[in-house]
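Geometric and topological summary
Below, each chain spelled out in residue letters.
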Amino acid sequence: MMNIMMRVCHLSKRFGESEVLKDINVNIAEGEVVCVIGPSGSGKSTFLRCINRLEMPSGGTIHYRGENLVHEAYDIRKFREEVGMVFQRFNLFPLKTVLENVMLAPLLTKKGTKSEVRKIALELLDKVGLVEKAHVYPSTLSGGQQQRVAIARALAMQPKALLFDEPTSALDPELVGDVLEVMKNLAKDGMTMIVVTHEMSFAKEVADRVIFMADGYIVEEGKPEEIFVAPKEDRTISFLSRVLPAAG
Amino acid sequence: MTISFLNTLLPMLVQGLKLTLLIAILGIAVGTVIGSLCGYALQGNNRITKTVANTYIWIIRATPLMVQALYGYFVIPKLLGIELDSTTVGIMVIALNSGAFISEIVKGALLGIDPGQKEASLSLGMSNLQVMFHVIIPPAFKAALPALFNQFIISVKDTALLSIITVNEITHMGQNYAALSFKTIETYTTIAIFYLVLLSILIVVQKKIERKMR
Ligand SMILES: Nc1ncnc2c1ncn2[C@@H]1O[C@H](COP(=O)(O)OP(=O)(O)OP(=O)(O)O)[C@@H](O)[C@H]1O
Ligand SMILES: [Mg+2]
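The following refers to the structure shown. All values derive from a computational prediction rather than experimental measurement.

1. Here we look at the overall build of chain A
- Broken down by element type, chain A carries nine helices and ten strands.
- A compact globule built from 248 residues would reach a C-alpha radius of gyration of about 18 Å, and chain A, at 18 Å, matches this within 12%.
- Based on the C-alpha atoms only, the size of chain A along its principal axes is roughly 55 × 50 × 40 Å.
- Across the 248 residues of chain A, 54% fall into the buried class.
- Excluding contacts between residues fewer than 6 apart, the proportion of contacts in chain A whose partners are at least 24 apart in sequence is 64%.

Encoded structure:
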């Protein structure tokens, strides 16, 4: 039995009148790769953003290391230092070089001396195949390269887990592969990941578990072969029939 | 025509230039501080500080600078029973004035930064203060530079209006000389050249900084 890293219980979130997350219950195990799929507006991003409290949940609990982080008093920075996030639109710092982008947060949060942080940053840039771009500015990079820098930036905090919110959705199709390759390697190295994605082939290949969300609920979850080959719920079936190329 | 008038005029204008510079520099410096604080308040969500900032900006924008100067020089001392010399009033008027306009510039620059920048930084474990100083302010400052320098230039020119409360800055010194000597052409041409040189320096500095930030 694997160790549970995060326990999400009865998580809910409303924006004014609209209830975007209704009753989310899910455990994330250490080293697990969980892919979250579902139609637009179903609450996938909100779910991720509630986990690291970019949005404060309206109800429920999220336990991490025995502490409930759905609580104003909980120091969320501790959690964020250990659980990174990668965004659809990269959000690199435009006036900083690639290397400075990767080094900023570890320096500010005192993860090491400047030369230690720099060494790790360069190793990570090498890992994502961009060490030769260390001294250029993000605007000179392709979207795929920017996203790989963003992944290196998140990794520089030496996180225990990573949240990905549609990391390849803003990319030209020919650039998607490089980013997914980096993510596959992370999965292979045992990184715990929650990945919101429209890349069904990635989910099939890499996920330990697939969660299908609709209307603020987890409608169905299971191993990729269960969800993609033999979905049980009607909503899952109709969603998959729309996003998957006809079975050949 | 001789240029011997310069022997008396130039020392007067140099004297005036010192005061112009003092008022402009102190006024703009204080105005930048006021403007940064109010601009920050305007884009935040504290209703009280927002209302205070908005009221201040409204009063400054909706009254002429000359009236503010007269008010500060003749009315405020009476109301408060204090003494204020014209230079102090001049600095305050320039500070309050530039502060109001800089507030709007700062607000716009801060709001212009993609919220994704803040979210990415927070998600990396940075504190709000770190996000502000390391992630938001540098690009906001870069975006605000042209408008800021525009306001600095306007504020330097505004110091000329302080002649109405007998501040002995360049324009007022020139007026004194012209009134005594009747050499209006020479005097006002020289004054214009003084401002031209002074503001050209500011414009060159602006171009230099903008080039450096690119
Ligand atoms: N800050 C907000 N204020 C108000 N409503 C919001 C906010 N953020 C999200 N919503 C609403 O919550 C619902 C779920 O949004 P969310 O972004 O989580 O969906 P999603 O599953 O990620 O969709 P997509 O696949 O398009 O990214 C949507 O109806 C959205 O309009
Ligand atoms: Mg989304």
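Next comes the rest of the description.
2. What about the site of ligand 1?
Residue and element names in this part refer to chain A.
- Taken together, Phe-15, Val-20, Pro-39, Ser-40, Gly-41, Ser-42, Gly-43, Lys-44, Ser-45, Thr-46, Glu-166 and His-198 form the complete shell of residues around ligand 1.
- Here Lys-44 contributes a side-chain N or O atom positioned 2.7 Å from an oxygen atom of ligand 1.
- In the environment of ligand 1, an oxygen atom lies 2.5 Å from a nitrogen or oxygen atom belonging to the side chain of Thr-46.
- Computed on the free molecule, ligand 1 has an accessible area of 640 Å², of which 58% lies beneath the protein chains in the complex.

3. A word on the nonpolar core
- Counting residues in hydrophobic clusters, the biggest one holds 62 residues, and the most contacted among them are A:Met6, A:Phe47, A:Phe79 and B:Met126.
- No other element matches helix α6 (residues 128-158) of chain B, which puts twelve residues into this core.
- Beyond its immediate sequence surroundings of up to four residues, B:Met126 is in contact with A:Arg77, A:Phe93, A:Leu104, A:Ala105, A:Leu108, B:Ser121, B:Val131 and B:Val135.

4. A word on the sheet that holds strand β10 (residues 217-222) of chain A
All names here are of chain A.
- Ordered by their spatial adjacency, six strands build an open sheet running β6-β7-β8-β3-β9-β10, and the pairing between neighbours is mixed. The outermost strands of the open sheet, each flanked by one partner alone, are β6 (83-86) and β10. Across the sheet, the mean angle from the axis of one strand to that of its neighbour is 20°, orientation sign disregarded.
- Of the strand pairs in this sheet, strand β3 (residues 33-37) and strand β8 (residues 192-196) are connected by four bridges, and their pairing is parallel. Bridge pairing in β8 places Cys-35 opposite Val-195.
- Along the sheet face, helix α5 (residues 143-155) touches β6 and β7 (161-165) and points at about 170° away from the line of β6.

5. Description of the interface of chain A and chain B
- Every contact between the two is made by 24 residues of chain A and, on the other side, 19 residues of chain B.
- Summing both sides of the interface, chain A and chain B together bury roughly 1800 Å²; the carbon and sulfur share of this comes to 61%.
- Linking chain A to chain B there are two salt bridges.
- In this structure, the salt-bridge partner of B:Glu119 is A:Arg49, at a minimum N-O distance of 2.7 Å.

Conventions adopted
Residues numbered from 1 in each chain as written. Chains lettered and ligands numbered in written order. Predicted model: local features only at pLDDT ≥ 70, side-chain atom pairs only at ≥ 80, totals over all residues. Heavy atoms only, no water. Helix = DSSP H or I, 4+ residues; strand = E, 2+ residues; numbered from the N terminus. Rg over C-alpha atoms; globule rule 2.2 N^0.38 Å. Buried < 20%, exposed > 50% of the residue type's maximum accessible area, 1.4 Å probe, protein only. Contact = heavy atoms within 4.5 Å. Near = heavy atom within 4 Å. Polar contact = N/O pair within 3.5 Å; in protein donor to acceptor, adjacent residues only side chain to side chain. Areas by Shrake-Rupley, 256 points an atom, 1.4 Å probe, with all protein chains shown as cover. Core = buried A, V, L, I, M, F, W, Y, C linked by side-chain atoms within 4.5 Å. Pairing = 2+ DSSP bridges. Axes fitted to C-alpha atoms, helices over the stretch in contact; angles between N-to-C directions. Buried area = accessible area lost by both parts, 1.4 Å probe. Salt bridge = Lys/Arg side-chain N within 4 Å of Asp/Glu carboxyl O.

Geometry only, nothing functional implied.
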